[in-house]
Amino acid sequence: GEREAETSRNTALRINGARLQQRIAQLAEIGAIDGGGCARLALTDADRAGRDQVCDWMRELGLAVTVDAIGNVVGVRAGRQSGAAVMTGSHIDTVRTGGRFDGNYGVLAGLEVIATLNDAGIVTEHPLAVAFFTNEEGARFAPDMMGSLVYTGALPLGEALATRGIDGTTVGEELQRIAYAGPAPVPAAAPRAFIELHVEQGPVLDREGTQIGVVESVQGISWTEIEILGTSNHAGTTPMALRRDAGWVAGAIIHFVRELAQELGGNQVATVGRIEFFPNLVNVVPNRAVLTVDLRNTDEARLQMAEARLAAHLDALRDAEKVDIATRSLARFAPVPFAAQMCDRIEHHARTQGLSTRRMPSGAGHDAQMLAAVCPTAMIFVPSVDGVSHNVREHTHPEHIEAGANVLLAVLCELAGA
Ligand code: HGY
Ligand code: MN
Ligand code: MN
Ligand code: MN
């Protein structure tokens, strides 16, 4: 009957790989930097240009586009029924050394699913939505996943808008400046389900030769900003024993977090990514240093242990070096498990399409970890060559770009009732 014919047609349904690759290349032109990557830090002019481009594509595909008060953009394709949409999406803001796939791939694959359904004249039972969330990276304004946190009610809008970033501006000011403070209220009504397609950004799938990652969870994330206050002094005249050298203490912390991760082992990772010295001059003992520590672990208890060890080390440094040390949390998320039956669906469709799969946690943060609080949610990974990301060399082979999008198509069609 009709249902069987539809189902057989749907399983034969495939995305248009060339069209998807074309959009990835076009979006990567916006904020392009040497080496084939792109730099579109959240709420910069480059981010605005990327947003404008994706909104144009959404409208060309017939989606009803809404912008909410934190700048999240959602394009909705009507279904036979009204009500909550089956949503896919990710982010299009990048870090300063961004590749062309991180975030962008999941959003553009979502648009490719829409284009494929449009071409096939298929109307789904439930509405379909493609979203990009504001400031997923958290590099300019912390915390990361800010847009999806506000979207799901986990972060009050006022707090998000008041957040001051690394260049001294606030989220609210910059949203207004790029004209993406939209009318749609937050928190939003929960989607019916959420699926995010993303490059792995780590080496597991690439090393193993596995084509699809079925992501079961996102690891815990702890970001802390540390300010060290010492005494500026003459680099030449001040005896070593009399120094209160904020720069040296910063170096001691960088060294400590590496050793801590090695000592704790397992999935523990630690990074000092951002650092500033004041007055940052060759012949002045720094009186102030500001740095960030990024600690992550799949296990919450071990992440708390790592945080406690860092705090204890800061106490020891205060005493030994007679400096003041203040800390400020920039982000703290416990590990998030995804919905088992959603993982099963992804695995089923990938296997049906003859793709190899493996289950794994996500080392990177994603908007899906916030959507998981309000609806059934899971993620699909495709391999990153050499596991490189947050680097212009980020690369995923075309056949994997297409494979991931075809799995996304199949899962969305099943969830939305195609
Ligand atoms: O930091 C992260 O995990 C992501 O890139 N926001
Ligand atoms: Mn990402
Ligand atoms: Mn990223
Ligand atoms: Mn290649």
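Predicted model only: the values in this text are computed from it and were never measured.

**Digging into the coordination of the manganese ion (ligand 2)**
Binding of the manganese ion (ligand 2) to the protein goes through His-91 (NE2), Asp-102 (OD) and His-198 (NE2), at separations of 2.1 to 2.3 Å. Of note, the manganese ion (ligand 2) draws all its donor residues from one chain, in the sequence arrangement H-x10-D-x95-H. Distance-wise, the manganese ion (ligand 3) is placed 3.6 Å from the manganese ion (ligand 2), both being coordinated by Asp-102. Of the two residues, His-91 is situated in the loop between β5 (86-90) and α4 (104-120) and Asp-102 in the loop between β5 and α4; the sequence distance between them amounts to 11 residues. For His-91, a relative accessible area of 0% puts it in the buried group. Judged by its relative accessible area of 5%, Asp-102 falls in the buried class.

**Describing the coordination of the manganese ion (ligand 3)**
Asp-102 (OD), Glu-137 (OE), Glu-137 (OE) and His-390 (NE2) make up the full set of protein donors to the manganese ion (ligand 3), lying at 2.1 to 2.6 Å. Read N to C, the donor residues that coordinate the manganese ion (ligand 3) are spaced as D-x34-E-x252-H.

**Points about the site of ligand 1**
Close to ligand 1 lie Glu-136, Glu-137, Asp-144, Trp-223, Arg-296, Ala-364, Gly-365 and His-390, which account for all nearby residues. Within the side chain of Glu-136, one N or O atom sits 3.1 Å away from a nitrogen atom of ligand 1. Arg-296 places a polar side-chain atom, nitrogen or oxygen, 2.7 Å from an oxygen atom of ligand 1. Protein chains bury 94% of the 210 Å² of accessible surface belonging to ligand 1 in isolation. For the shell around ligand 1, a count of residues per class yields 2 nonpolar, 2 polar and 4 charged.

**Focus: the UniProt feature "domain: Peptidase M20 dimerisation" (unreviewed entry) in the chain**
Within the UniProt annotation, "domain: Peptidase M20 dimerisation" (unreviewed entry) is assigned to residues 219-316. Strand forms 32% of residues 219-316 and helix 37%; the C-alpha atoms that close the span are 29 Å apart.

**Quick notes on the pattern of salt bridges**
Close approach of charged atoms allows side chains of opposite charge to pair. Applying the stated criterion to the full structure yields 25 salt bridges. The partner of Arg-359 in a salt bridge is Glu-216, with the nearest N and O atoms 3.2 Å apart. Here Arg-359 is found in strand β17 (residues 357-362), whereas its partner Glu-216 is found in strand β8 (residues 212-218), with 143 residues between them in sequence. The exposure class of Glu-216 is partly exposed, given its relative accessible area of 34%. Across the pair Glu-347 and Arg-359 runs a salt bridge whose closest N-O atoms are separated by 2.9 Å. Highlighted residues: Glu-347 in helix α11 (residues 340-352) and Arg-359 in strand β17, separated in sequence by 12 residues. For Arg-359, a relative accessible area of 25% corresponds to the partly exposed category. Taken together, the shared-partner salt bridges in this structure form one network comprising Asp-45, Arg-140, Asp-167, Glu-174 and Arg-177.

**Quick word on the UniProt feature "binding site: Zn(2+) 2" (unreviewed entry) in the chain**
Under the feature "binding site: Zn(2+) 2" (unreviewed entry), the UniProt entry names Asp-102, Glu-137 and His-390. Taken along the chain, the residues just named run across 289 residues; in space they keep tight, none of their C-alpha pairs more than 10.1 Å apart. Residues contacting Asp-102, with those up to four places away along its chain left out, are His-91, Glu-137, His-198, Val-199, Gln-201, Ser-389, His-390 and Glu-394. Turning to its location among the elements, Glu-137 is positioned in the loop between β6 (128-132) and α5 (146-151). Apart from residues lying up to four places away in sequence, Glu-137 is in contact with His-91, Asp-93, Thr-94, Val-95, Asp-102, Asp-144, Trp-223 and His-390.

Conventions adopted
Residues numbered from 1 in each chain as written. Chains lettered and ligands numbered in written order. Predicted model: local features only at pLDDT ≥ 70, side-chain atom pairs only at ≥ 80, totals over all residues. Heavy atoms only, no water. Donors = N, O, S within 2.8 Å, 3.2 Å for Na, K, Ca; no water. Helix = DSSP H or I, 4+ residues; strand = E, 2+ residues; numbered from the N terminus. Buried < 20%, exposed > 50% of the residue type's maximum accessible area, 1.4 Å probe, protein only. Near = heavy atom within 4 Å. Polar contact = N/O pair within 3.5 Å; in protein donor to acceptor, adjacent residues only side chain to side chain. Areas by Shrake-Rupley, 256 points an atom, 1.4 Å probe, with all protein chains shown as cover. Nonpolar A, V, L, I, M, F, W, Y, C, P; charged D, E, K, R; others polar. UniProt positions renumbered as here; feature names shortened; annotations may be inferred. Salt bridge = Lys/Arg side-chain N within 4 Å of Asp/Glu carboxyl O. Contact = heavy atoms within 4.5 Å.

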